[in-house]
Structure formats: C-alpha cells, structure tokens
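One-letter residues, chain by chain:
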Amino acid sequence: QVTLTESGPALVRPTETLTLTCTFSGFSLSTSGMRVSWIRQPPGRALEWLARIGWDDVDFYTRSLRTRLAISKDTSKNQVVLTMTNMDPVDTATYYCARGPTSGDYLFFDYWGQGTLVTVSS
Amino acid sequence: DIQMTQSPSTLSAAVGDRVTITCRASQSISSWLAWYQQKPGRAPQLLIQRASSLESGVPSRFSGSGYGTEFTLTISSLQSDDVATYYCQQYSSYSTFGQGTKVGIK
C-alpha cells in the first residue's frame, strides 16, 4: 500500500525559509523509475507543480520558482525534502507530495499525500 | 509555458445527466494530458492519463478523449459521489494544471 505524508511548519514568517518533509511507504526511491514531486494549491485556487526528484537523484523544477527551490531525498528514511527560500504571503498554500508513475518519465501523479497547509504571515 | 484553460468553471447537473468538461492547451500537447478529481478537503485523485486511459478502480462512467490542444472529460451518468472539482493537467512540457471545473448537483 502506497502512502505519502507531508510534514512541516504550519506558519512561516515572510522572508524565512520553508522546509517540508514527505515521508512515504509502499515503494522505494532507490527503485529505478521512481520519482516524487511537490505540488501546491493556494486556498481556493488551482494546483501548481513545483519540483521533482528521481531514483537517480535527477531533480527538476518549475521555471518560475527555480531559484527559490531545492529538493532532496534520503532513501534510507524514505523521505523527500523540499526547501523554499524567501517565503512571501502569496506562498500560502496546501503543499502536497505525490508519486509519479512507476513506468515512464511522465509528470503526472498516481498517489498523493493528504497535504499540509502552510501560512505565510508576520 | 503551456497554458491550460478549462470550461466551464462551474456546472450543475441532475443525477443521471451526461456531463462534459473541456480543457484546451495553448499549444499541442499530443496526448500528454491527465484528469484529476478533487473533493473538498481532500487530495486530488488521478482519473485518467494519456488523455483517455482510465486508472484502475475509476468507475467506467468516466471517460476522456482528445488530442493536440482540445480534450474532454465526460461523466456518462452523473452520481452524487461525483460532486467535486475536476482538473486537467498537461505533462508534455514541464507540468501545468487547468483552473478547475466545479461540478455540483442540480
């Protein structure tokens, strides 16, 4: 059974760095073809894909936020970590981690975590 | 970046009605399109990938079609459990989601 769970601070101050952790089970990021992404959703708005990391350590970012994002993995802990620098109130959103398909290098997502709401406010 | 535009933004239909949602891409994406269902307070659920491939466990009343720049998601007989927001997503070049279509019961 595949599960993903996001964790991190609920409140972040403007200009701070956000660190989110995705802890997963039911698959391994050391298995060829496995990839995990982060996606966010501001309240009442659409989804936005942010970043992806694969079993091969190849990372991939949305162009608009490339300079603020970093994604990494700890295979032994079954975790993927996303950091986002210089947080702003417009970054207030529910942040999801999600798994990519097991076959093929495609950027859609077959399993999602339940999401974690991050509010940016002073 | 490829823009995805969904229509309508909201719709209400009766139980048993046929419902169609349209998604248009700003440039050709071949068949690299997925559809998701998101219920309030829940994570999105993948319904369809590669424009028309139904995911395992998804009811057969859901279907997808299209190629290039125009795509549709059809619910052949709307059920109360289908009340949700539906999103299309292109994965031809990076990834972009549509703005969503909220489906309700009349």
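Description of the structure in this document. (Residues numbered from 1 in each chain as written. Chains lettered and ligands numbered in written order. Predicted model: local features only at pLDDT ≥ 70, side-chain atom pairs only at ≥ 80, totals over all residues. Heavy atoms only, no water.)

**Quick word on the interface of chain A and chain B**
At the junction of the two partners, chain A supplies 20 residues and chain B supplies 21 residues. Roughly 1,600 Å² is buried in total at the junction of chain A and chain B, and carbon and sulfur atoms are behind 64% of that figure. Three residues stand out in chain A for area buried against chain B, namely Leu47(A), Arg63(A) and Phe108(A), and they jointly supply 36% of the buried area on that side. Our count for the contact surface shared by chain A and chain B stands at one salt bridge. Here Asp1(B) and Arg63(A) are joined by a salt bridge, their closest N and O atoms 3.0 Å apart. Between the two partners, chain A and chain B, sit seven residue pairs in polar contact (both at pLDDT 80 or more). Secondary-structure elements contributing two or more residues to the side of chain A that touches chain B are strand E4 (35-41), strand E5 (48-54) and strand E6 (59-61) of chain A. A class-by-class count of the residues in the side of chain A that touches chain B yields 12 nonpolar, four polar and four charged. (Contact = heavy atoms within 4.5 Å. Buried area = accessible area lost by both parts, 1.4 Å probe. Salt bridge = Lys/Arg side-chain N within 4 Å of Asp/Glu carboxyl O. Polar contact = N/O pair within 3.5 Å; in protein donor to acceptor, adjacent residues only side chain to side chain. Helix = DSSP H or I, 4+ residues; strand = E, 2+ residues; numbered from the N terminus. Nonpolar A, V, L, I, M, F, W, Y, C, P; charged D, E, K, R; others polar.)

**Quick word on the state of the cysteines**
Residue and element names in this part refer to chain A. This structure, assessed with the given rule, holds two disulfides over all chains. The disulfide partner of Cys22 is Cys97, and the S-S distance across this bridge is 2.2 Å. With the S-S bond torsion at 70 degrees, the cross-link from Cys22 to Cys97 turns out right-handed. One end of the pair, Cys22, is in strand E3 (residues 18-25); the other, Cys97, is in strand E9 (residues 93-99), and 75 residues separate them in sequence. (Disulfide = S-S within 2.5 Å.)

**A word on the nonpolar core**
Within the largest apolar cluster, 28 residues are counted, with the highest numbers of intra-cluster contacts made by Leu18(A), Trp38(A), Leu50(A), Ile71(A), Val80(A), Met87(A) and Tyr95(A). Secondary structure elements with two or more residues in this core: E3, E4, E5, strand E7 (69-74), strand E8 (79-84), E9 and strand E11 (116-120) of chain A. Per-element accounting of this core gives the leading share, four residues, to E3(A). Trp35(B), Leu47(B), Phe71(B) and Leu73(B) belong to the second largest nonpolar core, which has 24 residues in total. (Core = buried A, V, L, I, M, F, W, Y, C linked by side-chain atoms within 4.5 Å. Buried < 20%, exposed > 50% of the residue type's maximum accessible area, 1.4 Å probe, protein only.)

These values are about where atoms sit, not about what they do.
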